[in-house]
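Read off the chains here:
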Amino acid sequence: LKWLYRWPLFIPFIVAAQCMRTFVAKNGLMNNTLVAAGLLEPIQTTSLLDWRGVVITFVWKQTPFVALLVAGAMAALDRSTIEAARNLGAGRLRILAEIVTPQVLPTLVVALILSFVTMMSGLSVPIMISGESPTMMTVDMAFRINAYGDYGTANALGVLSYLMTGAVAWIYLRRGMREGGRP
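Since this is a predicted model, take the numbers as computed values, not measurements.

> Would you mind going over the pattern of salt bridges with me for this structure?
Oppositely charged side chains may form a pair once their charged atoms are brought near each other. Under the defined criterion, the tally for this structure stands at 4 salt bridges. Put simply, E83 and R86 hold a salt bridge, and the shortest N to O gap is 3.1 Å. Taken together, the residues E83 and R86, both in helix α5 (residues 79-87) and 3 residues apart, mark about one turn of the helix. Of the charged contacts, one joins D150 and R144 as a salt bridge, the two residues approaching to 3.6 Å between their closest N and O atoms.

> Would you take a moment to explain the packing of aromatic side chains for this structure?
For any pair of aromatic rings, the description consists of the separation of the ring centres together with the inter-plane angle of the planes. Inspection of every chain in the model, using the stated rule, returns 2 aromatic pairs. Measuring from ring centre to ring centre gives 5.6 Å for F13 and F58, while their planes differ by 65°; the resulting arrangement is edge-to-face. Highlighted residues: F13 in helix α2 (residues 13-24) and F58 in helix α4 (residues 51-75), separated in sequence by 45 residues. Overall, F13 belongs to the buried group, its relative accessible area being 18%. Classification of F58 by relative accessible area gives buried; the value is 4%. The ring of F13 carries K61 above its face, with NZ or CZ at 5.0 Å from the centroid.

> I tried to follow the environment of P126 on my own but got confused; where do I start?
The topology assignment puts P126 in helix α7 (residues 124-130). Under the relative-accessibility criterion, P126 is labelled buried at 0%.

> What exactly am I supposed to notice about the nonpolar core here?
As a rule of thumb, nonpolar side chains are buried together in soluble globular proteins. Ranked by size, the top nonpolar core spans 10 residues in total: F13, A17, M20, V24, L48, V54, F58, V125, M128 and I129. The set of elements that each furnish at least two residues to this core consists of α2, α4 and α7. Broken down by element, the residue count for this core peaks at 4 residues, all from α2. When near neighbours in sequence (up to four residues on either side) are disregarded, I129 contacts A17, M20, R21, L48, L49, D50, G53, V54 and T57. Among the nonpolar cores identified, the runner-up in size contains 7 residues, and A73, I82, I95 and V100 belong to it.

Cut-offs and rules
- Residues numbered from 1 in each chain as written.
- Predicted model: local features only at pLDDT ≥ 70, side-chain atom pairs only at ≥ 80, totals over all residues.
- Heavy atoms only, no water.
- Salt bridge = Lys/Arg side-chain N within 4 Å of Asp/Glu carboxyl O.
- Helix = DSSP H or I, 4+ residues; strand = E, 2+ residues; numbered from the N terminus.
- Phe/Tyr/Trp six-rings, centres within 6.5 Å; stacked < 30°, edge-to-face > 60°.
- Buried < 20%, exposed > 50% of the residue type's maximum accessible area, 1.4 Å probe, protein only.
- Lys NZ or Arg CZ within 6 Å of the ring centre and 35° of its normal.
- Core = buried A, V, L, I, M, F, W, Y, C linked by side-chain atoms within 4.5 Å.
- Contact = heavy atoms within 4.5 Å.

Quick look at the structure:
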């Protein structure tokens, strides 16, 4: 299971998008499996080749990356606080929520920021999943230039994406400065 779970780390976004096109389509592997299991009738199947497919693809692609970072942070935790909580009668869920999660939260924030920036640069996934109806900013920028020659709108969308990414980078840098001991 470990090697299967880590596959998305080594699969390029364009390959992941093509795989998801065949997985979440109306007659794709997911719907055919649900029909074969008797959970759906063939008439009830729907295509997820829209924003939902894009979200599924990005989550599938980025989950192992985030999990590896969080697992590393959890492995580096001081076990004495967990043992102390366990000795005082705390259950597993309470230890996870009140002891472990606050300690790995900085790593989780970094992982989410890096995933956000990666998703902002992923042009192939939205085009391949959502087809001729671009819905994400990077896809809309390419569509504006290629279909209409509308460089003004594409540039405005580019500036907006730079501002969004800049805001996330600022949060990342502020967090790093706080951890480094600077105010």
